[in-house]
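# An overview of the molecular structure
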Amino acid sequence: MNSTNCGNGSAEEEVYNAQRVKKQYHRHSSQQIQQLEDFYKEYPHPDKNQRQQLSRELGLDQKQIKFWFQNKRTQIKAQNEKADNNALRSQNEKIHFENLAMQEALRTVVCPACNATSLADEDKSHTLHTLRMENARLKQEYQQTMDYFSNYMGNPAVDSLKKYPVGGEGVGVSPQEDYGHMPPHSEHFVPPHDSTGTQDLDKSTLIEAACGAMNELTELFRVNEPLWIKSTGEGRYTLHRDSYDKLFPRSSHLKSTSARFESSKDSAEVDMAAIHLIERLLDVDKWKDMFPTIVIKARIIESIDIGILGGLLHLMYEKRHILSPLVAPREFFFIRYCRQLNSSTWMMVDVSYDFINELQDADPMRSWKLPSGCVIQDMSNGKSAVTWIEHVQVDDKSLTHRMYRDLVCNGQAYGAKRWTTTLKRMCERFAFSMGITSKPKHELEGVISSLEGKQNVMKLCHRMEKSFCEVLSMSDKLDFPQLSDQSSGVRVSLRRSNGAGQPEGFIVSAATSLWLPLSKENLFNFFKDENKRAEWDVLSSGNPVHAVACIPTGKNPGNCISIIQPFVPEETKMLMLQESSIDTLGGTMIYTPIDLAAMISVVNGEEEMQVPILPSGFIISDDGRASKGVGSLLTVAFQILVCRNTLTKQLNMESVATVHTLISSTVQKIKLALDYSD
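Residues numbered from 1 in each chain as written. Predicted model: local features only at pLDDT ≥ 70, side-chain atom pairs only at ≥ 80, totals over all residues. Heavy atoms only, no water.

## Considering the overall build of the protein chain
Along the backbone of the protein chain there are 17 helices and 18 strands. Split into buried and exposed, the 678 residues of the protein chain put 45% on the buried side. Across the protein chain, contacts joining residues at least 24 apart in sequence account for 66% of those joining residues at least 6 apart. Accessible area for the protein chain stands at about 35,800 Å²; split by element, carbon and sulfur atoms hold 52% of it. (Helix = DSSP H or I, 4+ residues; strand = E, 2+ residues; numbered from the N terminus. Buried < 20%, exposed > 50% of the residue type's maximum accessible area, 1.4 Å probe, protein only. Contact = heavy atoms within 4.5 Å. Areas by Shrake-Rupley, 256 points an atom, 1.4 Å probe, with all protein chains shown as cover.)

## What to know about the layout of surface pockets
Taken as a whole, the second largest pocket spans an internal volume of roughly 1,000 Å³. E37, K41, I76, I229 and H240 are the residues nearest the centre of the second largest pocket, which is lined by 26 residues in total. Secondary structure elements with two or more residues in the lining of the second largest pocket: α2 (30-42), α4 (62-107), β1 (228-230) and α8 (241-247). Ranked by the residues each element gives to the lining of the second largest pocket, the list is headed by α4, at seven residues. (1 Å grid on protein atoms, 1.4 Å probe; cavity = no way out; pocket = protein on both sides within 12 Å on 5 of 7 lines; lining within 4 Å. Points joined across faces, edges and corners; volume = space filled by probe spheres on them.)

## Considerations on the packing of aromatic side chains
In the structure shown here, the tally under the stated rule is 18 aromatic pairs. Where F39 meets Y43, the ring centres are 5.2 Å apart and the plane angle is 40°; that geometry is what we call tilted. When its relative accessible area of 41% is taken as the criterion, Y43 is described as partly exposed. The rings of F39, Y40, Y43, W68 and F69 are connected pair by pair, giving a single aromatic cluster. It is R241 that lies over the ring of F261; its NZ or CZ is 4.2 Å from the centre. Taking NZ or CZ as reference, K369 lies 4.6 Å from the ring centre of F332, over its face. (Phe/Tyr/Trp six-rings, centres within 6.5 Å; stacked < 30°, edge-to-face > 60°. Lys NZ or Arg CZ within 6 Å of the ring centre and 35° of its normal.)

## Looking at unusual backbone geometry
Not every positive phi belongs to a glycine, and L323 is a case in point at roughly 65°. Relative to the helices and strands, L323 is located in the loop between β5 (312-320) and β6 (330-342). Using a relative accessible area of 7% as the deciding quantity, one classes L323 as buried. Even without glycine at this site, D675 takes up a positive phi of about 55°. Its place among the elements puts D675 in the segment after α17 (649-673). By relative accessible area, which is 74% here, D675 ends up exposed.

## Notes on the environment of S252
Within the secondary structure layout, S252 lies in the loop between α8 and β3 (260-270). Spatially, the C-alpha atoms of S252 and W368 are 9.7 Å apart, while their sequence positions differ by 116 residues. At 2.5 Å, the side chain of S252 forms a polar contact with the side chain of Q393. (Polar contact = N/O pair within 3.5 Å; in protein donor to acceptor, adjacent residues only side chain to side chain.)

## Focus: the nonpolar core
Residues L277 and F291 are the most contacted members of the largest nonpolar core, which totals 67 residues. In terms of residues, this core owes the most to one element, helix α13 (residues 451-473), which gives seven residues. Aside from chain neighbours lying at most four places away, what touches F291 is L281, W388, W419, T422 and L423. Within the second largest apolar cluster, 34 residues are counted, among which are I207, M214, Y244 and I335. (Core = buried A, V, L, I, M, F, W, Y, C linked by side-chain atoms within 4.5 Å.)

## As for the pattern of salt bridges
One pass over the full model with this rule turns up 25 salt bridges. A salt bridge links R330 to E262, with the nearest nitrogen and oxygen atoms 2.9 Å apart. Taken as a pair, R330 in strand β6 and E262 in strand β3 lie far apart in primary sequence, 68 residues in all. The exposure class of R330 is buried, given its relative accessible area of 2%. The salt bridge partner of R366 is D395, with a shortest N-O separation of 3.7 Å. Of this pair, R366 sits in the loop between β7 (345-352) and β8 (367-369) while D395 sits in the loop between β10 (384-394) and α11 (402-409); the two residues are 29 residues apart in sequence, bridging distant segments of the chain. The class of D395 is buried, set by a relative accessible area of 11%. Residues joined by salt bridges that share partners form a network here, namely R260, E262, R330 and D396. (Salt bridge = Lys/Arg side-chain N within 4 Å of Asp/Glu carboxyl O.)

## Considering empty space enclosed by the protein
Scanning the entire structure with this criterion turns up six cavities of 30 Å³ or more. One number sums up the size of the largest cavity: a volume of about 200 Å³. Along the wall of the largest cavity there are 17 residues; nearest its centre are T293, L323, R418, D583 and T588. For the lining of the largest cavity, the secondary-structure elements that each account for two or more residues are α12 (416-433), β16 (586-595) and β17 (616-622).

## Some details on the state of the cysteines
A complete count under the given rule lists zero disulfides for this structure. Unpaired in this structure, C338 has its nearest cysteine sulfur neighbour in C374, at a distance of 7.8 Å. (Disulfide = S-S within 2.5 Å.)

## Let's talk about the pairing of β7
Counting buried positions over the eight residues of β7 gives eight, a clear majority of the element. In β7, alternate side chains face the same way, and those of T345, M347, V349 and V351 on one face and W346, M348, D350 and S352 on the other are all buried. Bridge count for β6 against β7 is eight bridges, and the pairing is antiparallel. By the bridge assignment, Q340 is partnered in β7 with W346. Here β6 folds back onto β7 in antiparallel fashion, the turn holding two residues. (Pairing = 2+ DSSP bridges.)

## Focus on the packing of α2 against helix α3 (residues 48-58)
For any two helices packed against each other, one specifies the crossing angle of their axes together with the interaxial distance. Contact pair α2 / α3: the axes reach a minimum separation of 11 Å and the direction vectors enclose 155°. Relative to α3, the element α2 is oriented roughly antiparallel. For α2 against α3, the interelement crossing comes out right-handed. Residues Q32, Q35, L36 and F39 of α2 form the contact with α3, whose own contacting residues are Q50, L54, E57 and L58. In terms of residue class, the contact of α2 with α3 is made up of four nonpolar, three polar and one charged. (Axes fitted to C-alpha atoms, helices over the stretch in contact; angles between N-to-C directions. Parallel < 35°, antiparallel > 145°, perpendicular 65-115°, else oblique. Left-handed = near helix turned anticlockwise from the far one by under 90°. Nonpolar A, V, L, I, M, F, W, Y, C, P; charged D, E, K, R; others polar.)

Right, dumping it as C-alpha cells:
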C-alpha cells in the first residue's frame, strides 16, 4: 500500500515537473515594448490583420500580441479610474470639511445687534424674506441708475478705450507719412488703474475665480501620473489631456479649429530666499526684470483686497515675446493670486479672466491662460526650490514663421522650463552682483575693483538686455515691406526714441533669423571668441579686438560682462560694452558702443540711466527638432540712429537700406566663417 502511494506520488511529481519545464515565461525586449506602445497610441484595438503584422515584425505570437493589448487597455482603464477616484476623494473631503465648518458656524451664530446666539425658525424666515426684498429693491435701483447714465450721460470711459485696440502695439509708420511729426514709439495701451470699469465687477466673482484657480493648481502640483506624462526623449512633463478634462471639465475658450493647448511642468533650485523671491515676483517692475527675455510689458490694472481669505490679488496685463520677430508675441489679461501656504512655502497662480468686456473694438485675444503658476519653498540656506506649471490655450501657429514652428508648437518656446531656467540664471546673476556667490577667477576681473562700480555696470547691462529684447518684438506695422523679406525672415522698422536711456532721434531696427547646423554651445563659443570677431563683425572692419575688463555674472565662464576695446586708430575713445550668457536652452550676446567717458562715469558709480545706449546682438536657441539631428536657430539684430531732428524721406530710405545691407553682410560673413551655405 505504501509502495503504491509512493509510486503514485513519484508519477505526479514527474508530471508537475514536466509541466513546469513546458511553461516558459517570455519577457519582451525594450524595443518590442516601445513598438507596441507606439502602435497602441494609434490603434488601441488592433484587428486580426494588424496583430498578424505586429507578430511578424516583432517575432511574437499573435496570442502574445492580443494579451499585451488586453493588459494595456486594462492598465489604462485602472489609471483613469485611479485619477477619478483621487478627484472624487478630494472633492468629498472638501465638501465634508465645508459641511463641518457650516455646522460649527450655525451653532455659534451671534446677532451683532442684540448678541443673541440664535433665532427662532419663524424669525429666521421673516429676516430672510426681508433681506431678499431689500436686495431686489437695490438691484432694481442700480439697474435704473446704470440705464440712465448709459442712455443720457453716455459712457466716456468706454468711448476713450475704443481708440486703443487691444491687439495693436504702437502706431506703424509708412514712408508716405510726415516723418518730422511722427509720434514716439507707443506701448500697448493698457487701461490705467480705476479707468477700466473693473470697480463695477463683482468682487466675489473675481475672488471665486482666483480661489478656484488656486485649488486647481494645487491639485496639478499634487498629482503626478496619470495626470502628468513624461516624454521619453526630452524628459519633459506634459498633461494627459483626457485625464485633465475628466478632473477639470470646462469648455474651450478659443473656438478656432487651429487653437491648441500647451502644458508643461519643471522644477529648479535658485539662488534666492523664498521671501525675497516672492516679493520680486509680485512687484510688476521687478517681475519684468526677473524675466527680461520673456516679459516685455506688464501692468497691474487693479489690486483687490480679499480680506480674511489672505493673500494678494491683482488684475494684470502682460505681453510675452521671445527669441525673434518671427515668433508671435502672446498677450494676456489675467488674475494673479498669491498666497502663503505655511511658514516656508508660497504659491502664485495666474488665470485669464474676461474683465475687459467693455473694450468693444478690441481684437480677439489669441492666448488664454488656464491655471498656471509656481510653488516656492524656502530651503533655509539662502536658496529656494521652485516648481513651475504653464498651461495655456493659444492660436498663433499662422502668426509664427515656419522656421520656429517646431520650437513653438511643441511647447518648448514658452514652456515651464524656459521660466525656471531664466529664473535660475537671473537669481544667480543677482547673487553675483551682491557678492554672495564665490566668483570664478578671471584675469581681467580686478580691473573694476569696487563692488559699487561692478553693480552699476551690471545695471547698465541689464537695461541693455531689456532694451534689446523689446526691439525684437517689432510689433509695429512693417514700415518698409519692400525691405522686409518674409521668406528669409528679415524685418526692418523705424521708430522714434522715447528718450529713456536711448539716443534722442529716429532709430532704424533690423533683425533676421536663420538655421545653422551647429549646436547652441558651439555657436555661442564662436561668437565669444575674440580672435574670430573680425570674421563676422562688419563694424570692426577686420581689425582685432581685446577685452580690457570682465565681470562674471554666473558660474559658467560664458556668463560675463566684457568691456571691449577695438583696435581702430580713429576710435580711441570708443569702447564696446557686451554681456553674454548661456544656459540649457540657448545663449545671448548683446553689445552696444559706449563712450570712454561715459563708461568711466558708470564705473565710478554715477547714474547709469543717463548713459544712452543702442544695443545690437545675437540670440541662440535650439531648433526644436531634437529627433532630426543637431541644429540651432540664430537671431541677428542691429539698431542705428538715423538723425536727431527732422527725418526726410530720402534720408530715411538711405538709412534703412544701410542697416539692411549691414545685417545681410553680417549673416553672409557668419555663414562664410562657419563654412555653411544654404
